[in-house]
Amino acid sequence: MTAQPINPPSASAVYEQAMRERIALGRLYMDYLCHGRTAAPQAILLFRRLLHLDTLLGADERYDQDHLEIVTVREDARFHRPPRTVPSDHDVQPCGLCRKLILDLDQDLVLLPYEGAA
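Residues numbered from 1 in each chain as written. Predicted model: local features only at pLDDT ≥ 70, side-chain atom pairs only at ≥ 80, totals over all residues. Heavy atoms only, no water.

Observations regarding the packing of helix H1 (residues 11-34) against helix H3 (residues 63-76)
Here is the rule we go by: Inter-axis angles, ranging from 0 to 180 degrees, are taken between N-to-C directions of lines fitted to C-alpha atoms, where helices are fitted over the stretch in contact. Runs of E in the DSSP output that reach at least two residues are strands. Runs of H or I that reach at least four are helices, and both are numbered from the N terminus. Here a crossing is taken to be left-handed if its near helix is turned anticlockwise relative to the far helix by less than a right angle, and right-handed if that turn runs clockwise. Should any heavy atoms of two residues lie within 4.5 Å, those residues are considered in contact. Gly is placed with the polar residues, together with every amino acid not listed as nonpolar (Ala, Val, Leu, Ile, Met, Phe, Trp, Tyr, Cys and Pro) or charged (Asp, Glu, Lys and Arg).
At a closest axis distance of 9 Å, the pairing of H1 and H3 adopts a crossing angle of 35°. The crossing of H1 and H3 is right-handed. Across from Tyr15, Met19, Arg22, Ile23, Gly26, Arg27 and Met30 in H1, the residues of H3 making contact are Tyr63, Asp66, His67, Ile70, Val71, Arg74 and Glu75. Split into classes, the residues belonging to the contact of H1 with H3 amount to seven nonpolar, two polar and five charged.

Structural notes on the packing of H1 against helix H2 (residues 40-58)
Counted only if it meets this: By definition in this entry, angles of less than 35 degrees are roughly parallel, angles greater than 145 are roughly antiparallel, angles of 65 to 115 are roughly perpendicular, and the rest are oblique.
For the pair H1 and H2, interaxial distance at closest approach is 9 Å and the crossing angle is 150°. When the interaxial angle is binned, H1 and H2 end up roughly antiparallel. Here the hand of the crossing between H1 and H2 comes out left-handed. Seen from H1, the contacting residues are Tyr15, Ala18, Met19, Glu21, Arg22, Leu25, Gly26, Leu28, Tyr29, Tyr32 and Leu33; seen from H2, they are Gln42, Ala43, Leu46, Phe47, Arg49, Leu50, Leu53, Asp54, Leu56 and Leu57. Taken together, the residues that form the contact of H1 with H2 break down as 15 nonpolar, two polar and four charged.

Some points on H2
Stated formally: A helix is expected to reach a length of 1.5 Å times the quantity of its residues less one. The buried label applies to any residue whose accessible area, calculated with a 1.4 Å probe on protein chains only, is under 20% of its type's maximum; exposed applies above 50%, and partly exposed to all values in between. Each C-beta atom gives one direction from the helix axis, and the arc is the one those directions make.
A rise of 1.5 Å per residue sets the reference length of H2, with its 19 residues, at 27 Å; its end C-alpha atoms lie 26 Å apart and thus fit the reference within 8%. When H2 is considered as a whole, its buried residues turn out to be Ala43, Leu46, Leu50, Leu53 and Leu57. Relative to the axis of H2, the buried residues are bounded by an arc of 85° and lie together on one face. With respect to the buried face of H2, the exposed residues turned more than 90 degrees away are Pro41, Leu45, Arg48 and Thr55.

As for the pattern of salt bridges
Threshold: By salt bridge we mean one thing: a side-chain nitrogen of Lys or Arg within 4 Å of a carboxyl oxygen of Asp or Glu.
Taken as a whole and judged by the stated rule, the model has five salt bridges. As a salt-bridge pair, arginine 62 and glutamate 16 come within 3.8 Å of each other at their nearest N and O atoms. Pair noted here: arginine 62 is in the loop between H2 and H3 and glutamate 16 is in helix H1, with a separation of 46 residues, a long-range link. For glutamate 16, a relative accessible area of 35% gives the class partly exposed. Glutamate 21 is the salt-bridge partner of arginine 49, the closest N and O atoms lying 2.9 Å from each other. You can see arginine 49 sitting in helix H2 and its partner glutamate 21 sitting in helix H1, a full 28 residues away along the chain. Several salt bridges share partner residues, and in doing so they unite Glu16, Asp60 and Arg62 into one network.

Looking at the nonpolar core
Note the threshold: The term nonpolar core refers to a set of buried residues drawn from Ala, Val, Leu, Ile, Met, Phe, Trp, Tyr and Cys, joined through side-chain atoms within 4.5 Å.
Ranked by internal contacts, the top residues of the largest apolar core, which has 17 residues, are Met19, Leu57 and Tyr63. No other element matches H1, which puts seven residues into this core. Every residue in contact with tyrosine 63, bar those within four places of it in the chain, is listed here: Tyr15, Met19, Arg22, Asp54, Leu57, Gly58 and Val71.

Regarding the confidence of the model for the protein
Operational definition: pLDDT is defined as a per-residue confidence score from the predictor, taking values between 0 and 100.
Averaged over the protein, the pLDDT score is 77; the fraction of residues at 70 or greater is 64%. Per-element averaging of pLDDT across the protein places helix H4 (residues 96-102) at the bottom with 70 and H3 at the top with 91.

Some thoughts on the side chain of aspartate 31
Mapped onto the secondary structure, aspartate 31 falls in helix H1. Residue class for aspartate 31 comes out buried when judged on its relative accessible area of 6%. Residues in contact with aspartate 31, not counting those within four places in the same chain, are Arg78, His80, Cys95 and Leu97.

Below is the structure:
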């Protein structure tokens, strides 16, 4: 048996994967923040993961620009104060907590992700 070399993913592929995760979790974090006390425990857990991702991504010089032009823009698009104001994409992609409110479901119920949510 010979040892076969394993090709590690390129730095660019690792960065892109981390960016996708950062964007998705950042949007979810904003959803939780918008719902205040009901989602505080989830927001704290997500914040820790976001700090880790920011540190990982920050090692790449592209992240400063990407954070301003991509990450914050997508997070800001999710900011709302229900039920008075909702982001423009909320009709198509309502956050999980708003879906629970609409369906009159318990806040602790876990909703499975659906196509197009990000």
